[in-house]
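# Observations on chain architecture
In case you want the letters, here they are:
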Amino acid sequence: MAVEVEQIPIRQIKPGPVVQQTAYWARVKDRQGAEPCAFRIKADLSNLYINHARYSDLESEDDDILIILQQIDQYHKIAYVPYGPTMYPHDEYQGSFLEELSEVIRPHLPGGCILIRYDLNWESLWAGEDEMSNGNWDGPPEKRVQEMRFNFNTENWNFHKAGTDILPSNTIFLNLKKTQEELLSRMKPKTRYNIRLAARRGVQVDSCGLENIDIWYDLYDQTSGRNGIRSNDKAYFRDVLETRAADTNSPADVELLIASKEHQPLAAMFFVSTAERATYLYGASSNNNRRDMAPYALQWEAVKKAQQKGCAEYDMFGVSSKPDPSHPLYGLYRFKSGFGGEVFHRMGCWDYPLEDEKYAQFKAREMNAAGFHV
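Residues numbered from 1 in each chain as written. Predicted model: local features only at pLDDT ≥ 70, side-chain atom pairs only at ≥ 80, totals over all residues. Heavy atoms only, no water.

## A look at the overall build of the protein
Secondary structure summary: the protein contains ten helices and 15 strands in total. For the protein, the C-alpha radius of gyration of 21 Å lies close to 21 Å, the compact-globule estimate for 374 residues. When its C-alpha atoms are laid out on the principal axes, the protein stretches across 60 × 45 × 40 Å. Classification of the 374 residues of the protein by burial places 51% in the buried group. Carbon and sulfur atoms make up 45% of the accessible area of the protein, which amounts to about 17600 Å² in all. With 43 positive and 53 negative side-chain charges, the protein shows a separation of 8 Å between the mean positions of the two kinds. (Helix = DSSP H or I, 4+ residues; strand = E, 2+ residues; numbered from the N terminus. Rg over C-alpha atoms; globule rule 2.2 N^0.38 Å. Buried < 20%, exposed > 50% of the residue type's maximum accessible area, 1.4 Å probe, protein only. Areas by Shrake-Rupley, 256 points an atom, 1.4 Å probe, with all protein chains shown as cover. Lys, Arg positive; Asp, Glu negative; His and termini not counted. Charge placed at Lys NZ, Arg CZ, Asp CG, Glu CD.)

Here it is as structure tokens:
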């Protein structure tokens, strides 16, 4: 067997830059009613990389994977893998590796589990191709073409591109291995100007905790109403802010940052750091005093805080794939791209059905609902 797994306690999950693949995130999801489980993967390098012998004397590589089991009805569950696995095979081996991983994980999953959904953190197979218009990526091809390429080299041709992605499939990464002066110089002039304008107008950013959850939720509620997006309840954010995992191998530092002027909250965000990456997990802003540019002050403070913690990169977490004004995330693209980072296009959600008939029923239900957000 080229890929092997063994189940491990949640607390043993190795540290890594992806917060959704940590013991901390497992505990968050456990508090929210899901069932986390973890596995240690061991894979032959010949199943991962081309010409691997030229670069390594090792024969195998190991890594951990967090799976979230989510009940979807009285009898059935799905196994959701948020931004995992973090093991990163060569493009040609991705489908075959994930197929074998799915089959060796299958016996460890409970009865009634109808599919494994991988929310892949890997770069899109089509991101480097010449499908560009006006210098912008046009996105992946239609689902049929995606599935043909991804299933190439698999035995069962069983992977299906999910109808929707759960976690953001497009993001912007900011390289923090630069001085603050270099970071500012790489920003768009308007972004740099707005950061300085917020400082001149007296916007301050403070690190807070659970005691300010009501302030956060009021700003979040305003943002949700303004943008017409689906809201999480206050208990969801309380879990994210309150969960601790210091007794595990992969904890995370979580802070609530609030930007205010004259004691009036104007913007807020959840700042998370793990290993060498900081992540802008959730954000919100007030309907008032928008000319004070508080979100710019907030992001700049997050960048500086990430550097202080020794992070090498900052994940700005969620934008449109290109500057398309018709896209619901276009505003986030325009705002976040101003900070000078690099756009990264992920593969998004891919399903490996374990029960074909039940999976077909699940897909039909999902098409007629808001989706099963896990």
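There's plenty left to go through after this.
## Side note on the side chain of Glu366
Tracing the backbone shows Glu366 in helix H10 (residues 356–367). Within the local environment of Glu366, its side chain forms a polar contact with the side chain of Arg117, the two groups lying 2.7 Å apart. (Polar contact = N/O pair within 3.5 Å; in protein donor to acceptor, adjacent residues only side chain to side chain.)

## A few points about the pattern of salt bridges
Inspection of the entire model under this criterion finds 22 salt bridges. Of the charged contacts, one joins Glu142 and Arg144 as a salt bridge, the two residues approaching to 3.4 Å between their closest N and O atoms. (Salt bridge = Lys/Arg side-chain N within 4 Å of Asp/Glu carboxyl O.)

## Things to note about the nonpolar core
Ranked by size, the top nonpolar core spans 37 residues in total, and within it Tyr24, Trp216, Phe237, Val240, Phe270, Leu281 and Tyr282 carry the most contacts. Setting aside anything within four residues of it in sequence, one finds Phe270 in contact with Trp216, Phe237, Val240, Leu241, Val254, Glu255, Leu256, Thr279, Tyr280, Leu281 and Tyr282. Phe97, Leu98, Val104 and Leu125 belong to the second largest nonpolar core, which has 34 residues in total. (Core = buried A, V, L, I, M, F, W, Y, C linked by side-chain atoms within 4.5 Å. Contact = heavy atoms within 4.5 Å.)

## With respect to unusual backbone geometry
Here the residue pair Gly84 and Pro85 is connected by a cis peptide bond, since its omega of 0° sits within 30 degrees of zero. The topology assignment puts Pro85 in the loop between strand S4 (77–82) and helix H2 (94–105). At His263, a residue that is not glycine, the phi angle is positive and equals roughly 70°. Of note, His263 is situated in the loop between strand S11 (253–261) and strand S12 (264–274).

## A word on the packing of helix H6 (residues 213–227) against helix H7 (residues 234–242)
At their nearest, the axes of H6 and H7 sit 11 Å apart, and the two run at 130° to each other. The orientation of H6 relative to H7 falls into the category oblique. Where H6 crosses over H7, the two elements pack in a sense that is right-handed. Between H6 and H7, the residues in contact are Ile213, Asp214, Trp216, Tyr217 and Tyr220 and Lys234, Phe237, Arg238 and Leu241, respectively. (Axes fitted to C-alpha atoms, helices over the stretch in contact; angles between N-to-C directions. Parallel < 35°, antiparallel > 145°, perpendicular 65-115°, else oblique. Left-handed = near helix turned anticlockwise from the far one by under 90°.)

## Brief notes about the packing of helix H5 (residues 189–200) against helix H8 (residues 294–308)
Relative orientation of the contacting elements H5 and H8 amounts to 95°, with a least axis distance of 8 Å. Comparing their axes, H8 and H5 come out roughly perpendicular. Of H8, the residues touching H5 (which contributes Thr191, Asn194, Ile195 and Ala198) are Tyr296, Ala297 and Trp300. Taken together, the residues of the contact of H5 with H8 break down into five nonpolar, two polar and no charged. (Nonpolar A, V, L, I, M, F, W, Y, C, P; charged D, E, K, R; others polar.)

## Comments concerning H10
Taking 1.5 Å per residue, twelve residues should reach 16 Å; H10 reaches 17 Å between its end C-alpha atoms and fits that length. All of the buried residues in H10 are Tyr359, Phe362 and Glu366. Around the axis of H10, the buried residues are gathered within 60° of arc, so they sit on the same side. For H10, the exposed residues set more than 90 degrees away from the buried face come down to Glu357 and Met367. For H10, the secondary structure elements touched by its buried residues are S4, strand S5 (113–123), strand S8 (160–161) and strand S15 (342–353). (Expected span 1.5 Å × (residues − 1). Arc of directions from axis to C-beta.)

## Here's the deal with the state of the cysteines
Inspection of every chain in the model, using the stated rule, returns zero disulfides. As a non-bridged cysteine, Cys37 has Cys113 as the owner of its nearest cysteine sulfur, 8.6 Å distant. (Disulfide = S-S within 2.5 Å.)

## Let's talk about the pairing of S4
Burial of S4 is extensive: six of the six residues sit out of reach of the surface. In the sheet, strand S3 (residues 60–71) pairs with S4 via four bridges, with the strands oriented antiparallel. The partner of Gln70 across the bridge, within S4, is Ile78. A loop of five residues connects S3 with S4, the two strands running antiparallel in sequence. Two strands pair when backbone bridges link them, and S4 and S5 are joined in this way by five bridges, in the parallel orientation. Its bridge partner being in S5, Lys77 is matched across the sheet by Cys113. Handedness of the β-α-β unit built from S4, H2 and S5 comes out right-handed. (Pairing = 2+ DSSP bridges. Right-handed = clockwise from strand over helix to strand, strands pointing away.)

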